[in-house]
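Chains, contacts and geometry: an overview
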Amino acid sequence: MACNKRSITFLVFGLAFALLFLLTLASSEFASLMHALNRAVYSGYSKGKLIVSFAWFILLPILTSVSLYFRAYKYLCRFELVFLAIFLSAIISGFILGALQFKTFASGYRPRWMFATIIYEDNYRNWEASKFYHNHFPKATLYFIKQLLGINFGNEFDDGRPWFEFLDSAKLFCPLYLTLLLIVLFAFLFYLFSIADQLHILDFFLLIASALGLIIYMLDGGLASAPMSIVLFMFFLFFVSRYVKLCETPLQRALLALALSLALNLLSVGVFGYYVPTNSFQMFLVLFVFSVYALCFEIKKTNIKKIGLVKGLQIFFLVLLLIYSFFRIFPTLEVYAFGKMLVDYTELGYTDVQKGSALYIYGLPPELSETELSKFFQRYGEILELNKTGWVAFIRIAPKVSIRDKEIEKALKKEFRPKTYLYVIELAPRAVYESIYVYWGRETNSKKYIRDRFADMKVLRRIEKGEETVLIVEARTGPTWQLLSVLTEIKENGYKGKVLVAK
């Protein structure tokens, strides 16, 4: 009887996410909110991860409900720890494999730390940037899977093809990643079904949400990705609740989960030699979930009439932590959901910036002219600067209306209907001086393919080394967008071979 009730609960859980998915399709505002929450945990700009997440949260509860109906746990429960061990071993192997692949590749280009390449064809445009703190090398497995299955998603999703075609090791590593992925998926499903009759809905949510994060970051991001912090915390919350009987209270379980997730981060730092992969947003997101988890259970089990001083102080502290952490994460979630407001940074008192607000755009139709793009942006303010190269544009504008970069992104998509994904990023027009390394694969004169001025950049100096060029530039975007601008400039000026740019 209890299993039937739990089966219905899981089914309702899956149907609830199906309803959320329908609302996401029906409402762009609701879709923005869902995207923000998804991005906070699973990272990335694309809607592809949001679709994968919904599919996961709809299908897994339904499959679990079906497994309960057929009492699969009776046959699988004796192998519970075996399935868990296989799942974790395969996940850990995937992360280690990705780290070793990146470290091995990067060792040939020391001391470079970020790499990017591009495929720029008439019917396909995509690029990839990778650093140890967000490694896209294993993502080439997605393109490998596409080839095996003969699937074509068009050009609206990042499918990992640029690294698949650039990396000599891809044809060796991708089958290994795929094998590990299949082991992870099957081991996790069997593990989930083996304990389904004992899972409460909160533990179920923590388990499947963290498992999805581990699978995503195994292929897209790696162990050093900042959002791994919240994924690890959710997994350890589940793990401690189920297997650590010494923790009698929710607060003790949450504290131990917090300690374990931090310890694993520090262990990976020691093994692979990098700094702790977190930021203030991720840190306070973990603390927010920590406080919600502990507070809900503490309030539920506390008799207000008989509350003691110690218990009262615990609840008071958790309430303060909940409020403070919420106000620390809210601004970032708002930006994730609705975008950044265009502002004139000089009017805000900044002294190290140019007038206006800067916009970096990629995914524009290459045939779109600067004149057409300028006409489009004149509705939002005075155009101070506009440079377009192929699918990339840098625009500096003195805004005259209240508008966010995501609203501009939607308007661009509606008006010009790009055939690839398109993103608009707002930033302060602040000059920075950087070195960019271009690896041509053959002896090349960079002046043939890279002008002295393009996008947001001015080339101050070139150091030609045959198959390598070092560009000393003045730029007004971040490192990732600088590499994309250089790649696009090279391809737009006719370079046909494979090219790697790095910082």
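Residues numbered from 1 in each chain as written. Predicted model: local features only at pLDDT ≥ 70, side-chain atom pairs only at ≥ 80, totals over all residues. Heavy atoms only, no water.

**Section: the pairing of strand β10 (residues 468-475)**
Most of β10 is tucked away: seven of the eight residues are buried. Taken together, the six bridges between strand β9 (residues 457-464) and β10 define a ladder with antiparallel strand orientation. When the bridges of β10 are listed, Arg 462 appears paired with Leu 471. Counted along the chain from β9 to the antiparallel partner β10, the turn is three residues long, and its residue Gly 466 has a positive phi close to 75 degrees. (Buried < 20%, exposed > 50% of the residue type's maximum accessible area, 1.4 Å probe, protein only. Helix = DSSP H or I, 4+ residues; strand = E, 2+ residues; numbered from the N terminus. Pairing = 2+ DSSP bridges.)

**Re helix α13 (residues 309-338)**
Spanning 30 residues, α13 covers 43 Å between terminal C-alpha atoms, matching the ideal 44 Å at 1.5 Å per step. The largest bend in α13 amounts to roughly 35 degrees and is located at Phe 330, with the proline Pro 331 lying one to four residues further along. Where α13 is concerned, the buried positions are Ile 315, Leu 318, Leu 321, Ser 325, Ile 329, Leu 333, Tyr 336 and Ala 337. Two residues or fewer after α13 comes Gly 339, characterised by a positive phi angle close to 90 degrees. (Expected span 1.5 Å × (residues − 1). Bend = angle between axes of the 7 residues up to and from the residue.)

**Things to note about the side chain of Thr 477**
Considering the arrangement of structural elements, one finds Thr 477 in the loop between β10 and α16 (479-492). When neighbours within four sequence positions are excluded, Thr 477 is seen to be in contact with Tyr 360, Phe 394, Leu 427, Val 432, Asp 456 and Gln 482. (Contact = heavy atoms within 4.5 Å.)

**As for empty space enclosed by the protein**
Inspection of the entire model under this criterion finds one cavity of 30 Å³ or more. In this structure, the largest cavity spans a volume of roughly 60 Å³. Phe 95, Gly 98, Ala 99, Phe 132, Asn 135, Pro 138, Met 218, Gly 222, Leu 223 and Ala 224 together form the lining of the largest cavity. With three residues, helix α5 (residues 80-106) is the single largest residue contributor to the lining of the largest cavity. Across the lining of the largest cavity, the residue classes break down as seven nonpolar, three polar and no charged. (1 Å grid on protein atoms, 1.4 Å probe; cavity = no way out; pocket = protein on both sides within 12 Å on 5 of 7 lines; lining within 4 Å. Points joined across faces, edges and corners; volume = space filled by probe spheres on them. Nonpolar A, V, L, I, M, F, W, Y, C, P; charged D, E, K, R; others polar.)

**Quick notes on the sheet that holds strand β4 (residues 381-389)**
The four strands are arranged β4-β5-β3-β6 in an open sheet whose pairing can be described as antiparallel. Sheet topology places β4 and β6 (423-427) at the edges, where each strand pairs with a single neighbour. Adjacent strand axes in the sheet meet at a mean angle of 20 degrees, parallel and antiparallel pairs treated alike. The pairing of β4 with strand β5 (residues 392-399) spans eight bridges and is antiparallel. Residue pairing across strands places Lys 388 opposite Ala 393, the latter belonging to β5. Those strands touched by helix α14 (residues 370-377) are β3 (357-362), β4 and β5, and its axis lies near 150 degrees from that of β4. Along the sheet, α16 contacts β3, β4, β5 and β6; its crossing angle with β3, the most-contacted strand, is approximately 55 degrees. (Axes fitted to C-alpha atoms, helices over the stretch in contact; angles between N-to-C directions.)

**Examining the pairing of strand β2 (residues 125-131)**
Consecutive residues of a regular strand have side chains that alternate between opposite faces of the sheet. Within β2, six of the seven residues are buried, leaving the element largely enclosed by the surrounding structure. When strand β1 (residues 114-120) meets β2, the two strands line up antiparallel, connected through seven bridges. Along β2, the bridge assignment pairs Tyr 120 with Arg 125.

**Quick notes on the packing of helix α6 (residues 140-149) against helix α8 (residues 170-194)**
Where α6 meets α8, the closest approach of the two axes is 9 Å, and the angle between their N-to-C directions is 85 degrees. As judged from the angle between their axes, α6 and α8 are roughly perpendicular. Of the residues in α8, those touching α6 at Ala 140, Thr 141, Phe 144, Ile 145 and Leu 148 are Cys 174, Pro 175, Tyr 177, Leu 178 and Leu 181. Tallied by class, the residues present in the contact of α6 with α8 amount to nine nonpolar, one polar and no charged. (Parallel < 35°, antiparallel > 145°, perpendicular 65-115°, else oblique.)

**Points about unusual backbone geometry**
Between Arg 110 and the following residue, Pro 111, the backbone shows a cis peptide bond with an omega angle of 0 degrees. Among the secondary structure elements, Pro 111 is positioned in the loop between α5 and β1. For Arg 71, which is not a glycine, the phi torsion comes out positive at approximately 55 degrees. Looking at the element boundaries, Arg 71 is found in the loop between α3 (48-69) and α4 (73-76). For Arg 71, a relative accessible area of 35% gives the class partly exposed.

**Here's the deal with the pattern of salt bridges**
For the structure shown, the criterion picks out 18 salt bridges. As a salt-bridge pair, Asp 344 and Lys 355 come within 2.9 Å of each other at their nearest N and O atoms. Here Asp 344, found in the loop between α13 and β3, pairs with Lys 355, found in the loop between α13 and β3; they are eleven residues apart in sequence, far enough to count as distant. Its relative accessible area of 7% is what places Asp 344 among the buried residues. On the basis of relative accessible area, Lys 355 is assigned to the partly exposed category, the value being 39%. Here Glu 489 makes a salt bridge to Arg 451, at a shortest N to O gap of 2.8 Å. Linking Glu 489 in helix α16 with Arg 451 in the loop between β7 (432-439) and β8 (453-454), this pair joins segments that are 38 residues apart in sequence. Overlapping salt bridges bring together Lys 49, Lys 139, Asp 158 and Asp 220 as one network. (Salt bridge = Lys/Arg side-chain N within 4 Å of Asp/Glu carboxyl O.)

**Observations concerning the layout of surface pockets**
Of the volumes computed, that of the second largest pocket is approximately 900 Å³. Lining the second largest pocket are 30 residues, with Leu 37, Val 41, Phe 205, Met 234 and Val 289 positioned closest to its centre. Counting residues per element, the lining of the second largest pocket draws most heavily on helix α12 (residues 280-301), at eight residues. For the lining of the second largest pocket, a count of residues per class yields 27 nonpolar, two polar and one charged.

**A few points about the packing of α5 against α8**
The interhelical angle for the contact between α5 and α8, taken along N-to-C directions, is 155 degrees, at an axis separation of 8 Å. Overall, the two elements α5 and α8 adopt an arrangement that is roughly antiparallel. Of the two possible hands of crossing, α5 and α8 adopt the one that is left-handed. Here Glu 80, Phe 83, Leu 84, Ile 86, Phe 87, Ala 90, Ile 91, Ser 93, Gly 94, Leu 97, Gly 98 and Gln 101 of α5 come into contact with α8, specifically with Phe 173, Leu 176, Tyr 177, Leu 180, Ile 183, Val 184, Ala 187, Phe 188, Phe 190, Tyr 191 and Ser 194. Of the residues contributing to the contact of α5 with α8, the split by class is 17 nonpolar, five polar and one charged. (Left-handed = near helix turned anticlockwise from the far one by under 90°.)

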